[in-house]
Amino acid sequence: MQAMEVWMDVLSPLEGSQQRVTIHLVGGQSLKGAVVELDRARKSVVLDEYAHGSAVTKHESPVHTILLSAVQAVTVHKQE
């Protein structure tokens, strides 16, 4: 299984939820947020940096679009 397919499988159940994740990128950078969208066509994930509680609305706060090919690891955080 390709790495991108693995990340799709890991992130799919989290899409649209308020579960916090940290996505570690190739090169050492890390981005933390909630998965608001998993774009299967573009093989990318949209991470909302400040998504939390019931105030979550798509793209209300800063978002990051991350290509799955740049993902090195994913940390799923405990529910707060």
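Before reading further, recall that the structure is shown in the block above.
Heads up: these notes are all about the structure in this document.

Turning our attention to the pattern of salt bridges. Here the idea is simple: oppositely charged side chains can pair when their charged atoms come close. If you walk through the whole model with that rule in mind, you get 2 salt bridges. For the salt bridge of Asp39 with Arg42, the shortest nitrogen-to-oxygen distance reads 3.1 Å.

This paragraph deals with the nonpolar core. Ranked by internal contacts, the top residues of the largest apolar core, which has 16 residues, are Leu11, Ile23, Val45 and Ile66. Secondary-structure elements contributing two or more residues to this core are helix 1 (3-11), strand 1 (20-25), strand 2 (30-39), strand 3 (44-48) and strand 5 (71-76). Leaving out residues up to four positions away in the same chain, Leu11 has contacts with Ile23, Val35, Leu38, Val45, Leu68 and Val74.

Further remarks concern the sheet that holds strand 5. The strand order 4-3-2-1-5 describes an open sheet built from 5 strands, whose pairing is antiparallel. The sheet is open, and its two borders are formed by strand 4 (63-67) and strand 5, each paired with just one other strand. Pairwise comparison of adjacent strand axes, ignoring direction, gives a mean angle of 45° for this sheet. Here 5 bridges tie strand 2 to strand 3, and the two strands are oriented antiparallel to one another. Looking at strand 3, one finds that Ala34 is bridged to Asp48. Its contacts with the sheet place helix 1 against strand 1, strand 2, strand 3 and strand 5, and it is angled at close to 15° to strand 5.

So, about the pairing of strand 1. Most of strand 1 sits inside the fold, with 5 of its 6 residues counted as buried. One ladder, built from 5 bridges, connects strand 1 with strand 2; its direction is antiparallel. When the sheet's bridge partners are listed, Thr22 is paired in strand 2 with Lys32. A loop of 4 residues connects strand 1 with strand 2, the two strands running antiparallel in sequence, and Gly27 in this loop sits at a positive phi of about 105°. The pairing of strand 1 with strand 5 spans 5 bridges and is classified as antiparallel.

Rules of the game
- Residues numbered from 1 in each chain as written.
- Predicted model: local features only at pLDDT ≥ 70, side-chain atom pairs only at ≥ 80, totals over all residues.
- Heavy atoms only, no water.
- Salt bridge = Lys/Arg side-chain N within 4 Å of Asp/Glu carboxyl O.
- Core = buried A, V, L, I, M, F, W, Y, C linked by side-chain atoms within 4.5 Å.
- Buried < 20%, exposed > 50% of the residue type's maximum accessible area, 1.4 Å probe, protein only.
- Helix = DSSP H or I, 4+ residues; strand = E, 2+ residues; numbered from the N terminus.
- Contact = heavy atoms within 4.5 Å.
- Pairing = 2+ DSSP bridges.
- Axes fitted to C-alpha atoms, helices over the stretch in contact; angles between N-to-C directions.

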